[in-house]
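Spelled out, the chains give:
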Amino acid sequence: MARNISRKDFLKKSGGYAAGGLGAAAVGGTAYSYLGNARYKSEFPVVPGNHVALKPNGKKVLVLGGGLAGLQAACEMADRGFEVTILEKTGVPGGKLKAWKDLHFARKYFPDGYVREHGLHGVWGFYKNLREFLARHKVGLNRFDSDESFYYFISNYTERNWLIQNKTPHPTWPVPFDRLQMLLIPGMKLPSTGGPMADLAGTPGLLRSLLKLWGFDYSDREERLFLDTLTFKDWAETVGMPPEYLKHYFEGVAEMGYFMGTEECSALAIANFIRLAVTPADARIDYYEWPPDETFLNPMIKHVIEKGGRIVYNSEVTGFKLNNGRVVGVSTNEHIPPGRVRRCRVCGNLITGNQQHDHCPFCGAHHDMIETVPAQEKIARYHEADYFVVAMDVPGARKLMSTFELRDRKYFNNIMNLSTATILCVNLLYENSDAWERRFPDRDYWNAINFFPTGFKVLGFTSNWSAKQIPQLRSKKVDLIEVQVAQWQQFAGSSFREIAEAVHRELKVVVPGLPEPSDFYINRWDTYTGFRPGDERNRPGIQSPIDNLLFIGDWVSVDQHSVFMERTNVTAKMATNLLLEKEGQSDGKIEILKSGTPDWMVDSLSLFTSVKV
């Protein structure tokens, strides 16, 4: 069998390391990017061989968790003949992409109920495998127009009481000339000792640090684990990145993607994202069409059911049964206490006692989503299958592993050591308001759908749903603004109203014309994957030590360079291929694409630089 070689070894063997190799790589890479890569340059890559509808093979699969990873895996496995059952802890599918109706928020504008989401979610251009799945299932996206940009930064320069705006517009030239167009765009202007609008693009420290990030070779495990040992702030300071750039650019990126600052987020997390989004086409972003339950989630469930599968809601997996080293079944709802018990349909958490709540004390859903657990759901149930795929989030997997008979094994212990991230997702409704439009005028260079705030105490990534997702609100002079507060610890013990008021006060610093909000809601989520130093070492692989037990999700380790929702898709496809191999089934194997557009010019940077310091 031929030995697998790394990207760096391949480039060396191809002569890329020889003198003059960089110039040859640039010329060859430009030609290859322009003439080749047809499906990678497509917004929705097409892989004809992934379209299959195989006959039932008689094997049963239990997917534990109905989030994005679980639903995608269920679709792929059902298409390939497996009989799939999804066990979902909550009453709402989708996991971190879930959506549900709120009959109380903004009733004037949504008389049949407003579809609340877990938070705004985007689909990057480098999500090649997720986009292939979306194309196969005919799922559309809400595209950014050519004059719109996701990358809009507003820095609060409190030392001088200035607000500094920076925007990276979406390039319109074809690949690979879009990179040249990007070079012609003015560099990011940041506060500095020389004035509020100093351009740091030419500083040696910035260029050196960015080249290291762009040249990061994910396939080099040694470099990957090195970046996992320190925070991004520590790494950036060591390589000489200008502190202004760290504070006013990367802080915004860290809070948007990982819900923590650069002093907490691992250097690996930021390097992963920057390396994947280094080319303009891969850095573009689109949103799921609103509401995602109708456009994406429910169609996936329908697809599984049409293939003979099913989904069982309000079913928390509470234990495994093993026999001869294999899982033979799982139990659900074993530990629901007697007496009156209520459950939040959104987060699935149980609420005991008679205390009344105006919202779920765990996730913030309206109290209408809190339901009494009926007697039939208190009965512990047992489910058997041939294969078991854990598609839970990190808290769910940790809780399940704490009851596992083999928890003394290293693989399962590592799961227990993974961290999580928390956000407060604050939504404020402003009526009789054109404040956002006046602040960010349409058809103007400085228009905005969202912005990355840095230098603020409260504001995190901020978006106006009226600008892109629900434009009919704009015609009614309504702004629906969402703020993702990553620094949630400052609000420990605060009421939801106090949190909303604090967010509103800082919003008015950026959008001073905002009136008082007429309505608000807040979601709190403790379920996001953590990306702190050391997390990478603890991530389990898809295959567990038990042959018929697999793990998938954005927190699971794979050799393929991928992050966020792209990794949920990659792991779902890899797990499906593993089951096909175990069954000796050659038909239906899924072709998995590279995440991000193949780019020899950028790849060659790894020959000349290293992320190590």
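Residues numbered from 1 in each chain as written. Predicted model: local features only at pLDDT ≥ 70, side-chain atom pairs only at ≥ 80, totals over all residues. Heavy atoms only, no water.

Draft legend 1. Representation of the overall build of the protein chain in the model. A count of helices and strands for the protein chain gives 20 helices and 25 strands. For the protein chain, the C-alpha radius of gyration of 24 Å lies close to 25 Å, the compact-globule estimate for 613 residues. In terms of principal-axis extent, the alpha carbons of the protein chain reach across some 70 × 65 × 40 Å. Buried residues in the protein chain amount to 58% of all 613 residues. A separation of at least 24 residues holds for 72% of the contacts in the protein chain among residues at least 6 apart in sequence. With the model as given, the accessible surface of the protein chain reaches about 24,800 Å², and the carbon-plus-sulfur share is 52%. If the 72 positive side-chain charges of the protein chain are averaged to one point and the 70 negative ones to another, these points end up 2 Å apart. (Helix = DSSP H or I, 4+ residues; strand = E, 2+ residues; numbered from the N terminus. Rg over C-alpha atoms; globule rule 2.2 N^0.38 Å. Buried < 20%, exposed > 50% of the residue type's maximum accessible area, 1.4 Å probe, protein only. Contact = heavy atoms within 4.5 Å. Areas by Shrake-Rupley, 256 points an atom, 1.4 Å probe, with all protein chains shown as cover. Lys, Arg positive; Asp, Glu negative; His and termini not counted. Charge placed at Lys NZ, Arg CZ, Asp CG, Glu CD.)

Draft legend 2. Structural detail: the side chain of aspartate 282. Here aspartate 282 lies in helix 12 (residues 280–283). Ignoring sequence-local partners within four residues, the contact set of aspartate 282 consists of Trp124, Gly125, Phe126, Lys128, Leu276, Ala277, Gly596 and Thr597.

Draft legend 3. Main features of the nonpolar core. Trp235, Phe250 and Phe273 are the most contacted members of the largest nonpolar core, which totals 150 residues. Contacts of phenylalanine 250, omitting those with residues within four sequence positions, involve Leu210, Leu213, Phe232, Met241, Tyr245, Thr262, Ile270 and Ile274. (Core = buried A, V, L, I, M, F, W, Y, C linked by side-chain atoms within 4.5 Å.)

Draft legend 4. The packing of aromatic side chains, seen in detail. Under the counting rule described, the total for this entry stands at 44 aromatic pairs. Taking 4.8 Å as the distance between ring centres and 40° as the angle between the ring planes, the aromatic pair formed by phenylalanine 153 and tyrosine 249 counts as tilted. Of this pair, phenylalanine 153 sits in strand 7 (residues 151–157) while tyrosine 249 sits in helix 10 (residues 243–258); the two residues are 96 residues apart in sequence, bridging distant segments of the chain. The pair formed by phenylalanine 153 and tyrosine 249 is uniform in burial state, with each residue classed as buried. With centroids separated by 5.2 Å and ring planes inclined at 45°, the aromatic side chains of tyrosine 245 and tyrosine 249 adopt a geometry described as tilted. Residue tyrosine 245 and its partner tyrosine 249 are located together in helix 10, separated by four residues, close to a single helical turn. Note on tyrosine 245: relative accessible area 12%, which makes it buried. For tyrosine 249, a relative accessible area of 15% corresponds to the buried category. (Phe/Tyr/Trp six-rings, centres within 6.5 Å; stacked < 30°, edge-to-face > 60°.)

Draft legend 5. Quick peek at a nonpolar patch on the surface. On the surface, Trp173, Phe177, Leu180, Leu183 and Leu184 cluster together to form a nonpolar patch covering roughly 540 Å² of accessible area. In this structure, phenylalanine 177 sits in helix 6 (residues 177–184). (Patch = residues over 30% accessible without salt bridge, like charges linked within 9 Å, V, L, I, M, F, W, Y side chains within 5 Å. Salt bridge = Lys/Arg side-chain N within 4 Å of Asp/Glu carboxyl O.)

Draft legend 6. Structural context of the sheet that holds strand 5 (residues 122–124). The strand order across the open sheet built from three strands is 5-11-6, with neighbouring strands paired in antiparallel fashion. Of all strands in the sheet, those with a lone pairing partner are strand 5 and strand 6 (141–142), marking the two edges. One ladder, built from three bridges, connects strand 5 with strand 11 (residues 285–288); its direction is antiparallel. Within the sheet, the bridge partner assigned to tryptophan 124 lies in strand 11 and is isoleucine 285. (Pairing = 2+ DSSP bridges.)

Draft legend 7. Structural context of the state of the cysteines. This structure, assessed with the given rule, holds zero disulfides. For cysteine 347, which is in no disulfide, the shortest distance to another cysteine sulfur is to cysteine 360 and amounts to 3.7 Å. This cysteine, cysteine 360, is not joined by any disulfide, and cysteine 344 carries the nearest cysteine sulfur, 3.7 Å off. (Disulfide = S-S within 2.5 Å.)

Draft legend 8. Structural view of helix 5 (residues 128–136). Of all nine residues making up helix 5, eight are buried, and the element is well covered by its neighbours. Looking at helix 5, one finds that the buried residues are Lys128, Asn129, Leu130, Arg131, Glu132, Phe133, Leu134 and Arg136. Immediately downstream of helix 5, the backbone of lysine 138 shows phi near 55°, a positive value.

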